[in-house]
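Residues per chain, in single letters:
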Amino acid sequence: MNLAETLGYADIAQLHQLARVYELECNRNSKHELIQSLYSRFTSRLFLNESYTALTWAEKRFLLMLVYEKKTQYTREGLMSKARRACGEDGGYDRLIERALAAGWLFRMKNVNGMVTYAMPDDLRVRWREIFVKEVRDAAYGYYTIPDKYRDDTFALASDVYTFLAYIHRESVPLSKEGAMYRKHQLKLMELLAVSEPLLTGREWRFGYGRMFRVYPDRLALLYDYAHYERWVQEGDIGLYVTEDGVQRIAQQEWGREEMAARLVHFWILSYKKAIPAIESLWMLIACVCMESWLEEEKLVQVLSNWTHGFYYDTQEIVIRRRMLSMMTHLGLLRRGILPSGSCAYSVTEWGRTILNKDIKL
């Protein structure tokens, strides 16, 4: 629902409260006048910009999780979950939701059964999104020339699913006591995969980003976990082996790379969501920000860090740089280029635009 329709169904007590908060000059006994005055106030670009400058980071993170969702109706419990993720360990979850209602970011609705739900109007959702993107893009600046060298991994990870399955099916792959492939096989795989990664040295903490993240490099861990999730590979007494479903997948004549790539994106979100609760909205924000020009990595890290929390030993900067920008490049959502200055920069890929269009209305 757009704002005009939402105001017509919203709780009248909240509308009166908003009129008092914003000191609207209208006949508050007339619902028609009340709605007209509120509509005029909330559709004012100046009003939204001024509201944005007053937001705390917890409020920005809370709104971020709302503005990129297709979902338009929320329960109190659902909002509380988002508030907890936005505030982290700082608390104040109830106050954040009450602030959202008092400011008119959300509207209290009652359905025919008397159940209370909460809604964000579609047109306000789009305007908040535009404000967020503009702030990050302006702060990060942009390069309107294409770097001399850039990497576009579109469908590379999807193709490597086949490469991984074919290698496991062809070779005898024993597993260590930790349940991991020995380094010899990891090195052989790296020679075959589209993107090679240095193997782990055992000096880094490894948890929170997937089942086998503890024993494999980031990209390989996601690839392995996805194949296991789809039940194409299993771990047994004889080692790692391809299941019957995996063999059928290898034998398919048409390898649907685009569909596979989309499934890998959703699996990445599923695997990383515990560590990065706002990952689904955050990747869309990053993609939208990188839509019109190349943006330098250091500036992106600097301006995006406060949009998320750290995770144990991962600082906010590491979350953005390694868990978001790097993995979005591996997944083919972003291109990674080298600017004349020698620094790295990112822009959205054509396929990244396509999948973003499927998830949000640009």
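Structure shown above.
About the thresholds
- Residues numbered from 1 in each chain as written.
- Predicted model: local features only at pLDDT ≥ 70, side-chain atom pairs only at ≥ 80, totals over all residues.
- Heavy atoms only, no water.
- Core = buried A, V, L, I, M, F, W, Y, C linked by side-chain atoms within 4.5 Å.
- Buried < 20%, exposed > 50% of the residue type's maximum accessible area, 1.4 Å probe, protein only.
- Contact = heavy atoms within 4.5 Å.
- Pairing = 2+ DSSP bridges.
- Helix = DSSP H or I, 4+ residues; strand = E, 2+ residues; numbered from the N terminus.
- Phe/Tyr/Trp six-rings, centres within 6.5 Å; stacked < 30°, edge-to-face > 60°.
- Expected span 1.5 Å × (residues − 1).
- Axes fitted to C-alpha atoms, helices over the stretch in contact; angles between N-to-C directions.
- Parallel < 35°, antiparallel > 145°, perpendicular 65-115°, else oblique.
- Nonpolar A, V, L, I, M, F, W, Y, C, P; charged D, E, K, R; others polar.
- Left-handed = near helix turned anticlockwise from the far one by under 90°.
- Salt bridge = Lys/Arg side-chain N within 4 Å of Asp/Glu carboxyl O.

1. Here's the deal with the nonpolar core
Side chains of nonpolar character tend, in soluble globular proteins, to be buried together.
Phase 1: Grouped together as the largest cluster of nonpolar side chains are 128 residues, with contacts concentrated most on W128, F164, M181, W268, W283, L285 and M324.
Phase 2: Not counting chain neighbours up to four residues away, the residues in contact with W268 comprise L222, I279, W283, R323, M324, M327, M328, L331 and L333.

2. Some points on the sheet that holds strand β3 (residues 116–119)
Phase 1: Spatially, β1-β3-β2 is the arrangement adopted by the three strands of the open sheet, whose pairing is antiparallel. Only two strands of the sheet have a single neighbouring strand rather than two, namely β1 (73–74) and β2 (107–110).
Phase 2: Inspection of the sheet shows β1 paired to β3 by two bridges, in the antiparallel sense. What sits directly across from Y74, in β3, is Y118.

3. Quick notes on the pairing of strand β9 (residues 344–348)
Phase 1: Of all five residues in β9, five are buried, a share of seventy percent or more.
Phase 2: Alternating residues of β9 divide into C344, Y346 and V348 and A345 and S347, and every residue in both groups is buried.
Phase 3: With five bridges connecting them, strand β8 (residues 334–338) and β9 associate as antiparallel partners. Across the sheet, G337 pairs through a bridge with A345, a residue of β9.
Phase 4: Between β8 and β9, which follow one another and run antiparallel, lie five residues, and G342 among them has a positive phi close to 95°.

4. Points about the packing of aromatic side chains
Phase 1: As enumerated under the stated definition, the model contains 22 aromatic pairs in all.
Phase 2: A centroid spacing of 6.1 Å and a plane angle of 75° characterise the contact between F42 and F107, whose relative ring orientation is edge-to-face. On the criterion of sequence distance, the pair formed by F42 in helix α3 (residues 31–42) and F107 in strand β2 is long-range, its members being 65 residues apart. For the pair F42 and F107, one class covers both residues: buried.
Phase 3: Considering the side-chain rings of Y150 and W294, the 5.6 Å spacing of their centres and the 50° angle between planes classify their relative orientation as tilted. Taken together, the positions of Y150 in strand β4 (residues 149–151) and W294 in the loop between α14 (279–289) and β7 (295–296) put the pair 144 residues apart, joining distant regions of the chain.

5. What to know about the environment of E59
Phase 1: Position of E59 among the secondary structure elements: in helix α5 (residues 57–67).
Phase 2: Between the alpha carbons of E59 and A83 there is a distance of 8.6 Å; along the sequence they are 24 residues apart.
Phase 3: Not counting residues within four places of it along the chain, the set of residues in contact with E59 comprises A54, L96, R99 and W105.

6. Quick word on the sheet that holds β8
Phase 1: Spatial ordering of the open sheet is given by β4-β8-β9-β7, a layout of four strands whose pairing is antiparallel. With partners counted over all chains shown, the strands left at the sheet margins are β4 and β7, one partner each.
Phase 2: Across three bridges, the pairing between β4 and β8 is antiparallel. In the sheet register, R151 faces β8, and the bridge partner there is R336.

7. Focus on helix α11 (residues 218–229)
Phase 1: If you check α11, its first and last C-alpha atoms are 16 Å apart, about what twelve residues at 1.5 Å a residue would give, namely 16 Å.
Phase 2: Extensive coverage of α11 is indicated by the burial of eleven of its twelve residues.
Phase 3: Looking only at α11, the buried set comprises D218, R219, L220, A221, L222, L223, Y224, D225, Y226, A227 and H228.
Phase 4: Once α11 finishes, R231 follows within two positions and takes phi at roughly 65°, a positive value.

8. Digging into the packing of helix α2 (residues 12–21) against helix α7 (residues 93–103)
Phase 1: Two elements in contact, α2 and α7, have axes separated by 8 Å at closest approach and are oriented at 80°. On the basis of their axis angle, the class for α2 and α7 is roughly perpendicular. Where α2 approaches α7, its residues Q14, Q17, L18 and V21 are matched on the opposing element by L101, A102 and A103.
Phase 2: Counted by class, the contact of α2 with α7 contains five nonpolar, two polar and no charged residues.

9. Some thoughts on the packing of α5 against helix α6 (residues 76–87)
Phase 1: One can describe the packing of α5 onto α6 by two numbers: an axis separation of 8 Å at closest approach and a directional angle of 135°. The pairing of α5 with α6 is recorded here as oblique in orientation. Here the hand of the crossing between α5 and α6 comes out right-handed. Here α5 contributes A58, R61, F62, M65 and L66 to the contact with α6, which in turn contributes L79, K82, A83, R85, A86 and C87.

10. Digging into the side chain of S347
Phase 1: Here S347 is to be found in strand β9.
Phase 2: In this view, S347 contacts C290, S293, W294, L333, L334 and R335; residues no more than four positions away in its chain are not counted.

11. Focus: the pattern of salt bridges
Phase 1: Under the criterion given, the structure shown has 23 salt bridges.
Phase 2: The salt bridge involving D11 is made with R108; its shortest N-O contact spans 3.1 Å. With D11 in the loop between α1 (3–9) and α2 and R108 in strand β2, this residue pair connects regions lying 97 residues apart in the sequence.
Phase 3: When its relative accessible area of 18% is taken as the criterion, D11 is described as buried.
Phase 4: Among the salt bridges present, the one from R76 reaches E98, with a minimum N-O distance of 3.0 Å. Of the two residues, R76 is situated in helix α6 and E98 in helix α7; the sequence distance between them amounts to 22 residues.
Phase 5: One network of salt bridges, in which partners are shared, links D218, D314, R322 and R323.

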